[in-house]
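Structural characterization, general
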Amino acid sequence: MFGKLEEVGQFESQSGHARIEWPALAAEPAVMKVGVTLFTDRGYRLTEAPDFLIGRSFLRTGIEGYELVCTKPGELFLMTLSKPHESNRGDALRKLEFEQIDTPVFQLFPGEINRVSTWHRQLKPGDRIAMRKLAFPVLGEGLEVKLVQTQVRKQETAEETAARIAAMEKVADHALVPPVLNTSPLPEYDYEMLDYGMTIGIERTPSGRLWACWVAGGDSPAAYFVLATSDDDGQTWSKPRLVLDSHSKDLPRERSILVGNLWTDPLGRLWLIFDQSMDMFDGRAGVWATLCENPDADEPAWSTPRRIWHGVTLNKPTVLSTGEWMLPISLDQRGGFGPFKGCFPELDPMRGANVFVSSDEGTTWERRGMVTFPNPDWHEHMVVERRGGSLWMLARTAKGIMESISTDGGRTWSEANEPQGIRQPNARFHVRRLLSGRLLLVKHGNRIDAHQGRVQLSAWLSNDDGKTWQGGLVLDEREGISYPDGFQSPDGTIYISYDRNRATDGEILLARFTEDDILARELKGSKSKRKILISRPLACFAKPESAFTPIFDGKTFDGWEQSGNWVIDHGAFYRKSRGGNLTYTATAVPDDFELRFDWKVSAGCNSGVYYRPGQVEYQVLDNVGSPYGENARQAAASLFFCMAPSKDATQPMGSWNTARIICQGSVIEHWLNGERVLSFDYADPKWQWYIQLLAARGGDLTGRKGQLWLQDHGQDVWFRNLRWREIPQDEVIVAEPYFEPMPVTGQALAKEEARVKAMLEAKEKAAKQ
């Protein structure tokens, strides 16, 4: 009578699932509004939701799953976790023909993992939807359903609980094994292999190198650490240089490295502090540290990781006036997650926001005191020492920031309270003492006493140890930004890293500013800059090779025309002598396309790949040996005589380089050796000067239907593995918002200006004839 049953997964009888009708639903509708209870078997309340969902009716189901039957047609909205996790139902929803709505993820209820995306589908009478795990249902206009509860947990007996805990504590022992540091992570952990980004921390080493650390894999049991460096004050960043990934296919469950931080101690050593746990939290976890005594070296050396204590650390230690180092360690008050619930009960008296102290420069650490907070969420606590010697602890809770004070060096702490005048969502913040003596606070909201969720990340200063705050410099106004961490350099510049849209954009970003900027509420310093990109996962851009059609078979010139100066050498086109270009004549270049190829140059070589009519060229060059290399707009991977790449990503001369050209509409991208070094929309007015520069040469980016050709510019060059695909209309390529071409200055700029002047004069003269 209900038509086809649409079911995801198998409901196993030994799980104790009951099947009961729920007739009370229609008589007692629940309405989407902030603070409403969401589930029948949990006390979780709605944190936030998009405007189009507020005011709609929803189904108050069990969190473990449900089955519903449509009785009147309409639209069904389902929310599921946005990040990789066993409870993420995204794949299941696709199979049921749900479509994801293009709207930002939001915090359904407290807990970092509980940020959700929204899906929808039209239902007709008789349609039946069954879901396991979290897929929160909201009813569209006119939709009526009958709800059947399907996922009711079987109540464990005392004997079953004891047996489960004993078994899971043995599983948790796998987290006591020291992880191996991967100091040669490429290409396995290159950006093209990453699809998630949650910032951990940023630090400066004695000689000025910046280190950044973030989580890849997901805010989930799939998590691991990735680190990169910058040697130009954060403007450009290396590929991953260190990876800490403790997963193993031989383990009974996932082993994750989820949170931690970077810290340069007073001796100049760089600490990488991290937690290791089975799943996300096995009830014990563990804080580990590895030290690097030469973090500015070409090949930094790291010590074998050692375990400090249980729990997790998310923030840097504080150096006290006594000379002691104080490390915040959270032993979660909620106990173990999932099957680890109830594990390690002997640790229950120590569950809270702990502080550990070292009086021997980090050789040993001693637990000194602890605070418990109402509605805790990982604590993420930070400690600053006030001028009178008291310690001020701020911690993250479901209600926002809460505080506690110690007047005896951290041994005892006051009852937790909300700090006067500070309001912050359930999200990480950052507080530190600056060189000036002021306190720095980075929080959400353009007011110190208000916020609108995870938007408007802002910086504030206090001259009176947190009683009052001044400034309010907005570092990033957008949604989906979180997890600030930072430091102050010896020259007074403040550096704050944070992330944006972890599961979709996965960006790790940097803001660089001064105390004067904070007070002025705008950037005034010569080094000050917002939204500097540290990293962005690129796996979403990596289409499978099966999507590409070869246009060179490595053996013949089928489909290509030339005058005899090109030969095939070990599977590559080789320009052997002067005689002209090699042109692909089998078909025209698609309007929207991606071309992949490899190239290699001889000493001093200049060549290129022309892919659209009107002088549109991917430059191929020996950047060091060719005189063209002095001008970045003529360097390898540039759009020749128009747009410079963001960096020189070439391999040494004589090595093979991998390349991509991606064009869709007015968006053009050039890739080199796995890095997106050029990405812009030529319809954007901010690039108009560059478009006019190309036009002076006779170039036109709007041309289409040209032929692909490989340039003979007089030097030997090799091309291989040429293949392309036509980009479908439903695939949208978005230009990189942080793209900045390398500048052209000095003599190179003067030569370019003289060349452009001569070109324009020649055009003017020809027009008069």
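Residues numbered from 1 in each chain as written. Predicted model: local features only at pLDDT ≥ 70, side-chain atom pairs only at ≥ 80, totals over all residues. Heavy atoms only, no water.

Looking now at the side chain of S497. By the element assignment, S497 lies in strand β36 (residues 494-500). Since its relative accessible area comes to 1%, S497 is described here as buried. Within polar-contact distance, the side chain of S497 engages the side chain of T199 at 3.5 Å. Discounting chain neighbours no more than four positions away, the residues touching S497 are T199, G201, I202, Y483, P484, D485, L509, L510 and I534. (Helix = DSSP H or I, 4+ residues; strand = E, 2+ residues; numbered from the N terminus. Buried < 20%, exposed > 50% of the residue type's maximum accessible area, 1.4 Å probe, protein only. Polar contact = N/O pair within 3.5 Å; in protein donor to acceptor, adjacent residues only side chain to side chain. Contact = heavy atoms within 4.5 Å.)

With that settled, consider the nonpolar core. Membership of the largest hydrophobic core comes to 54 residues, with the highest contact counts inside it found for F225, L227, W271, L272, W302 and I308. Once residues within four sequence positions are removed from consideration, L272 is found in contact with C213, F225, L227, L242, L244, N261, L262, W288, A289, T290 and W302. Listed in part, the 47 residues of the second largest apolar core include F597, A649, A659 and I668. (Core = buried A, V, L, I, M, F, W, Y, C linked by side-chain atoms within 4.5 Å.)

Okay, the packing of aromatic side chains next. Each aromatic ring pair is specified by the distance between its two centres and by the angle formed by the two planes. Within this structure, the stated rule accounts for 37 aromatic pairs. Where F557 meets F573, the ring centres are 5.3 Å apart and the plane angle is 20°; that geometry is what we call stacked. Note that F557 is positioned in the loop between β39 (549-550) and β40 (560-561) and F573 in strand β42 (residues 572-575), a separation of 16 residues in sequence. The class of F573 is buried, set by a relative accessible area of 0%. (Phe/Tyr/Trp six-rings, centres within 6.5 Å; stacked < 30°, edge-to-face > 60°.)

The next thing to look at is helix α3 (residues 158-172). Each full turn of the α-helix corresponds to 3.6 residues, which orients residues three or four apart in the same direction. If you check α3, its first and last C-alpha atoms are 21 Å apart, about what 15 residues at 1.5 Å a residue would give, namely 21 Å. Taken as a whole, α3 has its buried residues at R164, I165, M168, E169, V171 and A172. Buried residues in α3, looked at end-on, bunch into an arc of 150°, giving them a common side. Turned more than 90 degrees from where α3 packs its buried face, E159 and K170 sit exposed. Where the residues of α3 are buried, they touch β21 (277-278). (Expected span 1.5 Å × (residues − 1). Arc of directions from axis to C-beta.)

With that settled, consider the sheet that holds strand β46 (residues 616-621). Read across the sheet, 5 strands follow the order β40-β43-β50-β45-β46 without closing on themselves; strand pairing throughout is antiparallel. Across the chains shown, the open sheet's two edge strands, defined by having one partner strand only, are β40 and β46. Relative to strand β50 (residues 708-710), strand β45 (residues 606-612) runs antiparallel, the two being bridged by 2 bridges. Residue pairing in the sheet places V609 in a bridge with L710 of β50. (Pairing = 2+ DSSP bridges.)

In this structure, P187 follows L186 across a cis peptide bond, with omega equal to 5°. Considering the arrangement of structural elements, one finds P187 in the loop between β13 (181-182) and β14 (198-204). Here the phi dihedral of D233 falls at roughly 65°; this positive angle occurs in a residue that is not glycine. Tracing the sequence through the fold places D233 in the loop between β16 (224-230) and β17 (242-244). Within the chain, N501 stands out as a residue other than glycine whose phi angle is a positive 45°. By the element assignment, N501 lies in the loop between β36 and β37 (507-513).

What follows concerns the sheet that holds strand β33 (residues 457-462). Read across the sheet, 4 strands follow the order β31-β32-β33-β34 without closing on themselves; strand pairing throughout is antiparallel. The open sheet has two edge strands with one neighbour each: β31 (430-433) and β34 (470-476). Neighbour to neighbour, the strand axes of the sheet diverge by 20° on average, direction disregarded. Where β31 and strand β32 (residues 439-444) come together, 4 bridges link them in antiparallel fashion. Of the residues in β32, the one forming a bridge with R433 is L439. (Axes fitted to C-alpha atoms, helices over the stretch in contact; angles between N-to-C directions.)

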